[in-house]
Amino acid sequence: MKFEEYVAARLPALLRQATVLAGDPHVAEDVVQDVLIKAQPRWARISEMDVPDAYLRKMIVNELLSARRRLAAARRRERVQWPAPDQDGVDVLVQRDAILQVIRGLPTRQRIVIALRFYEDMADSDIAALLGCTEGTVRSQASRALAKLREIATLQPVREDE
Amino acid sequence: MIDTDAIRSAFAALADEAPPPDRIRASLAIRTRRHRQRRLVLGLAGAGTVVAATGVAAAGVWRLTRPPEPRFPVLDTGPGGGWLEVPLRFRPAWLPHGYGEGRRTVVVDGTRAPVLSRDWQPGASDRSISLLVGWHPSLDPDRPSGQPTAVDVDGVAGQLVQVGDQAPATYLTWQPPDQPQLMVSVVTGDAADDQRDLAVRVARSVRADPGHTWVGPRFGWLPPDLATVPWRLQQGFEETSWAQHVTVTGTGGRQLLVSMGTSAARRLENTFATTPIRIGEWSGWQVPETRQLFLTLPDGIEVFAQLDDESGGEQAMPALIRIMEEFEFGPWPDMSWIGAG
């Protein structure tokens, strides 16, 4: 598949994926563009892989975790308005928008971990391989992210349907 | 209670916020054209000259009275100089408002620099107008193809070629008597007619430029497939830092890139698993699987080197290390010309 054909077919999906991982559509657009620019000169080799999507996903994750991006993300997090705990219970807290707001404000690596686990349905071992870390680190990052959801939303323990 | 479904639902809603792909497609299209044009710039080996009459004596006629808008960084660059002095020879005396010089590329063949390309752009933008001075046979495959239109460039016959439909790139080539071949490239995203007018106007404004630029870095050792081919030196800026790239494409298709600059992000961008390495007094990391080296020089300059060997040969990484061991960086470039109109 030529680079242009790949972009024509897969760009919308890449942007959705990057938006989930970045928590911000503008950052996602920026990152995907950078990644494609980097991928284009070496497309001959990338396209020989069975799953170029996976390679580009790794590039997207790497880009999001780069120092420059992390710094920008930290600045964005400082501007995030965390949802106020509801005094009357958890009804409002389980609202999707409230969860979204928490997700957007998570540190990049934590958001990537839970995005891969819950949205991409990836196993922790695969996430660890993608991030170049141990499964324990993945579980730790996920635990922190879920704790943040609990903490911010004053939730009962997050229930994971395994 | 928040359960997995609620989290998935939130992520799905987030995915629905994904931007439309149009802007990236347009940007990639422009970049592709620009890349092609850049390869061109380096590929044309010519002999010829621009409108000689407009040429040699009119230095100082540049549009200095109308400086570009301040969208270029103020760079903390080096002293300049090097082992090869390259005359600039020509430059346009007219450019659209806001355009400043953003990039220079030199083709080095042995101890000669047969081709020089200079790009002007409105700050950090994909739009550019370039002037290519000279020609080299290695650039022949990238020569713009299309139906040529005859254009008069101050009494010299020129050929104008436009590539692409919706957002074309425009190339105007001519050769004044006893001068190298010149080519103006316009990749501004404007309509074809507008680009044509720009190319002609810029070409007709070309005058002699008595200035010089320098080639600082050079190789002490290269593998045989890279040692006998021309290489390119490109100087420009990335965000607020200067950047200098040396590239070589071997006879077998291998590509070598040595990139130098002051951007701190350059080193930290590497998020792959890496192994520490020390080359002389330089410390850094190597990524053998991708044949990459990331080095920090004692003066803080960051260096990235990659030998793009598609065959994946085991000797590629040792070769890259030896290339860098014997690489001479030379004096860091003087890029005070960045942003000059």
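Values in this document were obtained by computation on a predicted structure and should not be read as measured data.

Procedures and definitions
- Residues numbered from 1 in each chain as written.
- Chains lettered and ligands numbered in written order.
- Predicted model: local features only at pLDDT ≥ 70, side-chain atom pairs only at ≥ 80, totals over all residues.
- Helix = DSSP H or I, 4+ residues; strand = E, 2+ residues; numbered from the N terminus.
- Buried ≥ 20, exposed ≤ 12 C-beta atoms within 10 Å, placed from the backbone.
- Contact = placed C-beta atoms within 7 Å.
- Pairing = 2+ DSSP bridges.
- Axes fitted to C-alpha atoms, helices over the stretch in contact; angles between N-to-C directions.
- Parallel < 35°, antiparallel > 145°, perpendicular 65-115°, else oblique.
- Nonpolar A, V, L, I, M, F, W, Y, C, P; charged D, E, K, R; others polar.
- pLDDT = per-residue confidence, 0-100.
- Expected span 1.5 Å × (residues − 1).

1. Structural notes on the overall build of chain A
Reasoning step 1: A tally of helices and strands in chain A yields nine helices and zero strands.
Reasoning step 2: Buried residues in chain A amount to 34% of all 162 residues.
Reasoning step 3: Here the analysis covers contacts within chain A between residues at least 6 apart in sequence; of these, 60% occur between residues at least 24 apart.

2. A few points about the overall build of chain B
Reasoning step 1: Looking only at helices and strands, chain B has six helices and 16 strands in total.
Reasoning step 2: Looking at chain B as a whole, 44% of its 341 residues are labelled buried.
Reasoning step 3: Restricting the contact set of chain B to residue pairs at least 6 apart, pairs at least 24 apart contribute 69%.

3. Some details on the pairing of strand β3 (residues 112–121) of chain B
Residues and elements named next belong to chain B.
Reasoning step 1: The element β3 is largely enclosed, with a buried count of nine among its 10 residues.
Reasoning step 2: The pairing of strand β2 (residues 100–109) with β3 spans eight bridges and is classified as antiparallel. Its bridge partner being in β3, Gly100 is matched across the sheet by Gln121.
Reasoning step 3: Here six bridges tie β3 to strand β4 (residues 128–134), and the two strands are oriented antiparallel to one another. When the sheet's bridge partners are listed, Val115 is paired in β4 with Gly134.

4. Some remarks on the packing of helix α6 (residues 96–105) of chain A against helix α1 (residues 4–15) of chain B
Reasoning step 1: Running from amino to carboxyl end, α6(A) crosses α1(B) at an angle of 75 degrees, the nearest separation of the two axes being 9 Å. Judged by the inter-axis angle, α6(A) sits roughly perpendicular to α1(B). Residues A:Arg96, A:Ile99, A:Leu100 and A:Ile103 of α6(A) pack against B:Ala6, B:Ile7, B:Ser9, B:Ala10, B:Ala13 and B:Leu14 of α1(B).
Reasoning step 2: When its residues are assigned to classes, the contact of α6(A) with α1(B) shows eight nonpolar, one polar and one charged.

5. Considerations on the confidence of the model for chain B
Residues and elements named next belong to chain B.
Reasoning step 1: With 82% of its residues at a pLDDT of 70 or more, chain B shows a mean pLDDT of 81.
Reasoning step 2: Mean pLDDT in chain B bottoms out at helix α5 (residues 264–268), which sits at 50, and peaks at strand β1 (residues 84–92), which reaches 96.
Reasoning step 3: Overall, residues 41–70 carries pLDDT values under 50, and its contacts beyond four positions in sequence, including any with other chains, amount to 106 contacts.
Reasoning step 4: Within the model, the stretch residues 267–273 combines pLDDT values under 50 with 14 contacts to residues more than four positions away or in other chains.
Reasoning step 5: On the interface metric, ipTM, the complex scores 0.84, and its pTM is 0.59.

6. What to know about helix α4 (residues 52–65) of chain A
Reasoning step 1: The end-to-end C-alpha separation of α4(A) is 20 Å, in line with the 20 Å expected for 14 residues at 1.5 Å each.
Reasoning step 2: Of all the positions in α4(A), only A:Leu56, A:Arg57, A:Ile60, A:Val61, A:Asn62, A:Glu63 and A:Leu64 are classed as buried.

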